[in-house]
Amino acid sequence: MWRDPGTPADSFYQVRPECANDVPETKFKIKAGRTLSVRKWQAAFTPDGYLDIGRTLSRIQRGGIHPSIRGEVWEFLLGCYDPKSTFDEREQIRQRRRFQPLACGASMYERLQAPVVVPHLRYAFVEAQYAVLKEECRLVFPLVGSGRFITAPVITDNGEPIQDPIVLLEASPDKGLALLPEENGTSHNSATVKEVDKKIIQWKLTLHQIGLDVVRTDRTLVFYEKQENLSKLWDILAVYAWFDTDVGYCQGMSDLCSPMIILIDDEADAFWCFERLMRRLRGNFRCTENSIGVEAQLSKLASITQVIDPKLHQHLETLGGGDYLFAFRMLMVLFRREFSFGDSLYLWEMMWALEYDPDMFSVYEDPDSVTGKSEGSRGKAKSTRQCGKYERENMRSGAKDDVAPLPISVFLVAGVLKDRSTKLLTEARGLDDVVKILNDITGNLDAKKACTGAMKLHKKYLRKAKKT
C-alpha cells in the first residue's frame, strides 16, 4: 500500500460504517517520494540520535507525514524534544515526564500555592510528572483513572455534593466524592486550605463538561467505540484542567486533544504532546468576564483583511461583523470542523512545520532562555535551515524577539475569506449569510493549497504593512 502513489490515508482512521456519509472525504494521500516515510524519518537521525530537522521539515511541507509515524514526528514539531538531543537524552526526558515524583516532598497544597515561575504553570518546585498529576486528581476525585467518567455535575457552585441519580450511577457511592484529599495528617494554615478548596471546586465543576464533550468528539471514528479510549481522553483533559488552573478546561480542547491519544499510545506522552500544543493556543482559551482570549487573534484577522482586501473588510463591518466572531471556530480548534479527520492532521503538521522554531524546546523547558531567543538552544546562532519557512519569513521581516509573531492559522482564515471574497460581497446580506457561506467550505478545502495561500498572504501583508 505504501508504495502505491496516491494511497488514501483513511484506513488509518477508520470511520464507523453508519457515519460514512456524514464525514467529508479525505483528500490527503500518501505519496511515495513526497510524504515523509518511515525510511526517510529513520534516515534523518545520526547513530546517536541527533535529528536533521531541516530535511524533515522540507519533506513534511511537500507531502505531510505517513500516518504510522505521525505521533513521534509531532513530538518534535510541537517541542516535546530537542532535535539536537540523543536517543538516550530523550528517553531520560520521557521517563522523567511519565514517572518522576515531585521534588522537595511538595504536597498538593504547597504546589498549588507555589509562586508562579512560568505564567500559568506550577513549576515552582519541578516540572510536574504525569503520574503524579493523575494521582493527585484521583485522590480528589477517584473516577480519574478508573476507566469511567461523568457527564452530569457532581457538586454545586459552592461545593455541595449533588445526589442526582445520574451522578450516583456514573460515580458509585463506594468510590467516594470527598472534596479534599487526605494529606497524611499534614496540617496547613486555613488560608491555604481555603484557596486550595476553591481551586478544587472549580476543577470539579468542569469534569462533567469534559465528559459531555468527550462523548461528542470524533464520534464518527471506530476508535471511540471503545470505552477505554473515551476514558483516556477524559482523563487527559481532566488532568490538564488540574495542571493549568489558569485556563482549566474550555470547549474545543477535546477536539485538539483527540488526535494525540489516537496517534500516541502512551497516555503520559499524549498528555505532554497536548500540553505543548496548548502552549501555542492557550491564549485563545483564556477568558474574563469582559473578553474571550481569541479576540486578540480575531482583531489581527480584521487588520490583515483590511490591508489585503479592504472592500471585503468594509462589507463585513457594514454587516455588523467587524469583530470577525464568525471566524471564532476556525481559530479555536484549528479547522477541525472544516476538514475530515485525516486532512485536519495533514493541515496541522504542515502548519507546525512551516512555523517550526529550533529554540522551541529550550524555551519551553527553560523560560529564562526566551531572553536569548536569537541564539540556538545550545548557545549557537540559530540556523535558518533548521527553521520552518514561515519562521524564516518572520526572521527576515525583522520581527522582534519579545513580540510573538502571528500564528499562520490567522493567515489561513484570512485566505479562506479572500478566496470567498466575491461570494461574500455579492451574496452576504447579513451575518447569517456570512456564516452559511463559510460553513459551505467544510470538505471543500485543500490543506496544502490553504497553507500555500496563507504563506503568500503573509508575504503580501508584510509588504503592505511596511509601506503603511
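Just above, that's the structure.
Residues numbered from 1 in each chain as written. Predicted model: local features only at pLDDT ≥ 70, side-chain atom pairs only at ≥ 80, totals over all residues. Heavy atoms only, no water.

Caption draft 1: The overall build of the protein, seen in detail. Looking only at helices and strands, the protein has 21 helices and two strands in total. Per-residue burial over the protein gives 53% buried out of 468 residues. A sequence separation of at least 24 residues applies to 74% of the contacts in the protein between residues at least 6 apart. A total of about 21400 Å² of accessible surface is found on the protein, and carbon and sulfur atoms cover 51% of it. (Helix = DSSP H or I, 4+ residues; strand = E, 2+ residues; numbered from the N terminus. Buried < 20%, exposed > 50% of the residue type's maximum accessible area, 1.4 Å probe, protein only. Contact = heavy atoms within 4.5 Å. Areas by Shrake-Rupley, 256 points an atom, 1.4 Å probe, with all protein chains shown as cover.)

Caption draft 2: Focus on the environment of Ala43. Within the fold, Ala43 resides in helix α1 (residues 38-43). Considering only alpha carbons, one finds Ala43 and Thr56, 13 residues apart in sequence, at a separation of 9.9 Å.

Caption draft 3: Seen up close, helix α2 (residues 53-63). In terms of burial, α2 is a largely internal element, eight of the 11 residues being buried. On its buried side, α2 packs onto α1, α3 (70-77), α15 (341-355), α17 (389-396) and α21 (447-467). A positive phi of about 75° marks Gly64, the residue just after α2.

Caption draft 4: Quick peek at the packing of α3 against helix α10 (residues 253-263). Between α3 and α10, the shortest axis-to-axis distance is 8 Å and the interhelical angle comes to 125°. Taken as axis vectors, α3 and α10 run oblique relative to one another. For α3 against α10, the interelement crossing comes out left-handed. Contacts from Arg70, Gly71 and Trp74 in α3 reach Pro259, Met260 and Leu263 in α10. (Axes fitted to C-alpha atoms, helices over the stretch in contact; angles between N-to-C directions. Parallel < 35°, antiparallel > 145°, perpendicular 65-115°, else oblique. Left-handed = near helix turned anticlockwise from the far one by under 90°.)

Caption draft 5: Molecular detail of the nonpolar core. Judged by nonpolar contacts, the single largest core of 129 residues is most densely connected at Trp74, Trp203, Trp234, Met253 and Phe274. No other element matches the 11 residues that helix α9 (residues 227-243) contributes to this core. Apart from the residues lying within four places of it in its own chain, the contact partners of Trp203 are Cys137, Val140, Phe141, Val144, Ala238, Ala241 and Trp242. (Core = buried A, V, L, I, M, F, W, Y, C linked by side-chain atoms within 4.5 Å.)

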